[in-house]
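# Observations on the model geometry
Below are the chains, spelled out letter by letter.
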Amino acid sequence: MACKLNAASSQWIGQQSFSQRNGSSSSTRLLSTPRRVSFPIQAKAYTDELIQTAKTIASPGRGILAIDESNATAGKRLASIGLDNTEVNRQAYRQLLLTTPGLGEYISGSILFEETLYQSTTDGKKFVDVLREQNIVPGIKVDKGLVPLPGSNNESWCQGLDGLASRSAEYYKQGARFAKWRTVVSVPCGPSALAVKEAAWGLARYAAISQDNGLVPIVEPEILLDGDHPIERTLEVAEKVWAEVFYFLAENNVVFEGILLKPSMVTPGAEHKEKASPEAIAKHTLTVLKRRVPPAVPGIMFLSGGQSEVEATLNLNAMNQSPNPWHVSFSYARALQNSVLKAWQGRPENVEAAQQALLIRAKANSLAQLGRYSADGEADEAKKGMFVKGYTY
């Protein structure tokens, strides 16, 4: 992604304190004045349910299967095995995934695209009921995708707040119990203070709206792998981003016990000359989390972000070699599905083999969540990276 310097948004992370929000002497005086909360905050109607849902998802040895790709991205997946992008083919693939016997032993939640939330299996059973029978919580992607952010350095913001409350209420009626909103931050593009604030504010508004409608919000500001920066730079950006996110979550009265986080792991840029070990990635990632994430948050459900299946599992395993104040787990899409697609090839006779491939990956990540994974015996195919520069979905 080309990054164009815009003079109106050139206050980079590292050049400006995020606590100095306006930079004027008057704002300095305001910050030094004790703030008083003069209005009581109404208790959320779903608080107890939200907390229980979050705990269910953040249960030992389990994580999230993300199959919330848009129809366009689902088409790219299908095209990789020679299938047309039709609703019938998308339904067949997602049915294969969700009806895998024994999946609930390793998977506690599944993020669905809106189309899938309202679909049924070919024999008429609603997908949400298929999930519930395996004690898997149905979730829903609620954002409307990334668009250019005016005034930034060729960065993006995530749309979808308009109408979110009514949509969320309908998703709850359909059986969804958690939601997901993804926005992104680009290290090569600065990131600008404007882009970070926009990402954090959008996530906080979405989280508050979700909780008001009974959905546990997954908070996902993805720090993209794009770039040739070292791991220390990613750590610096992650600290600033998460500070801003939690500032605005608190400002919006979001119940921390009723959210889940979906962060990127702290890694070097994908084009950096030196690759980091799982131990180094775990050390830097846990450093950020311990500095920025309150222990009230029940679960950290990492995204894989273009890592190979084995890399994502090894890194998760390294983070679970010592106790953490939160459930440290996974919310993977490609890192759970890649082997499945290759085994399936769109053929009915391969469904069972594809489901076994899903169970192998799900079990590997379950063991990693418990800190007991070993990469011995992993297939070479599972070690191939899946990073795509400028990836969108």
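Note: the structure precedes this text.
Let me sum up the structure you'll find in this document. (Residues numbered from 1 in each chain as written. Predicted model: local features only at pLDDT ≥ 70, side-chain atom pairs only at ≥ 80, totals over all residues. Heavy atoms only, no water.)

## Regarding the overall build of the protein
The helix and strand inventory of the protein stands at 13 helices and ten strands. With 393 residues in all, the protein has 56% of them scored as buried. Of all intrachain contacts in the protein linking residues separated by at least 6 positions in sequence, the fraction that spans at least 24 positions is 81%. With the model as given, the accessible surface of the protein reaches about 17100 Å², and the carbon-plus-sulfur share is 52%. (Helix = DSSP H or I, 4+ residues; strand = E, 2+ residues; numbered from the N terminus. Buried < 20%, exposed > 50% of the residue type's maximum accessible area, 1.4 Å probe, protein only. Contact = heavy atoms within 4.5 Å. Areas by Shrake-Rupley, 256 points an atom, 1.4 Å probe, with all protein chains shown as cover.)

## What about the pattern of salt bridges?
Applying the stated criterion to the full structure yields 17 salt bridges. When the shortest N-O distance is used, the salt bridge between R94 and E115 registers 3.9 Å. Within this pair, whereas R94 is found in helix α4 (residues 87-98), its partner E115 is found in helix α5 (residues 114-117), the two being separated by 21 residues in sequence. Each of the two residues, R94 as well as E115, counts as buried. Between E170 and K173 there is a salt bridge, with its nearest N and O atoms 3.6 Å apart. Residue E170 and its partner K173 are located together in helix α7 (residues 164-174), separated by three residues, close to a single helical turn. With relative accessibility at 66%, the residue K173 sits in the exposed group. (Salt bridge = Lys/Arg side-chain N within 4 Å of Asp/Glu carboxyl O.)

## Considerations on helix α8 (residues 193-212)
Residues lying three or four places apart along an α-helix face the same way, a consequence of the helix completing one turn every 3.6 residues. Spanning 20 residues, α8 covers 29 Å between terminal C-alpha atoms, matching the ideal 28 Å at 1.5 Å per step. Counting buried residues along α8, 14 of its 20 residues qualify, which places the element largely inside the surrounding structure. (Expected span 1.5 Å × (residues − 1).)

## Notes on the side chain of H327
Here H327 shows up in strand β10 (residues 327-332). Reaching out from H327, the side chain makes a polar contact with the side chain of Q369 at a distance of 3.3 Å. (Polar contact = N/O pair within 3.5 Å; in protein donor to acceptor, adjacent residues only side chain to side chain.)

## Some remarks on unusual backbone geometry
That bond from G190 to P191 is cis: its omega, -15°, falls within 30 degrees of zero. Within the secondary structure, P191 sits in the loop between β6 (178-185) and α8. Its identity is not glycine, yet N253 carries a phi of approximately 60°, on the positive side. Within the secondary structure, N253 sits in the loop between α9 (231-251) and β8 (260-261). Take N253: its relative accessible area is 36%, and that puts it in the partly exposed class. Positive phi, close to 60°, is recorded for Q345, a residue that is not glycine. Tracing the chain through its elements places Q345 in the loop between α12 (334-344) and α13 (351-369).

## Remarks on the nonpolar core
Counting 103 residues, the largest nonpolar core has Y206, F246, L249, L261, V297 and W344 as its most contacted members. When residues of this core are assigned to their parent elements, the largest contribution, ten residues, is made by α9. Residues within four places of F246 in sequence aside, it is in contact with F256, I259, L261, R292, V293, P294 and V297. (Core = buried A, V, L, I, M, F, W, Y, C linked by side-chain atoms within 4.5 Å.)

## Details of the environment of L194
Summarising the element assignment, L194 is placed in helix α8. Residues L194 and N153 lie 41 residues apart in sequence; the distance between their C-alpha atoms is 9.2 Å.

## Thoughts on the sheet that holds strand β9 (residues 299-302)
Pairing within the closed barrel is parallel, and its eight strands lie in the order β1-β2-β3-β6-β7-β8-β9-β10. Strand direction decides the pairing type here: strand β1 (residues 63-67) and strand β2 (residues 107-112), joined by five bridges, are parallel. Bridging across to β2, I67 finds its partner in L112. (Pairing = 2+ DSSP bridges.)

## Brief notes about the pairing of β6
Two faces, one strand: in a regular strand the side chains alternate between the faces of the sheet. Most of β6 is tucked away: eight of the eight residues are buried. Because side chains alternate across β6, one face comprises the buried residues F178, K180, R182 and V184, and the other comprises A179, W181, T183 and V185, equally buried. As paired elements, strand β3 (residues 137-141) and β6 share three bridges and run parallel to each other. Its bridge partner being in β6, G139 is matched across the sheet by F178. Pairing of β6 with strand β7 (residues 216-223) involves eight bridges; the strand directions are parallel. In the strand pairing of β7, W181 is matched with V219. Handedness of the crossover joining β6 and β7 through α8: right-handed. (Right-handed = clockwise from strand over helix to strand, strands pointing away.)

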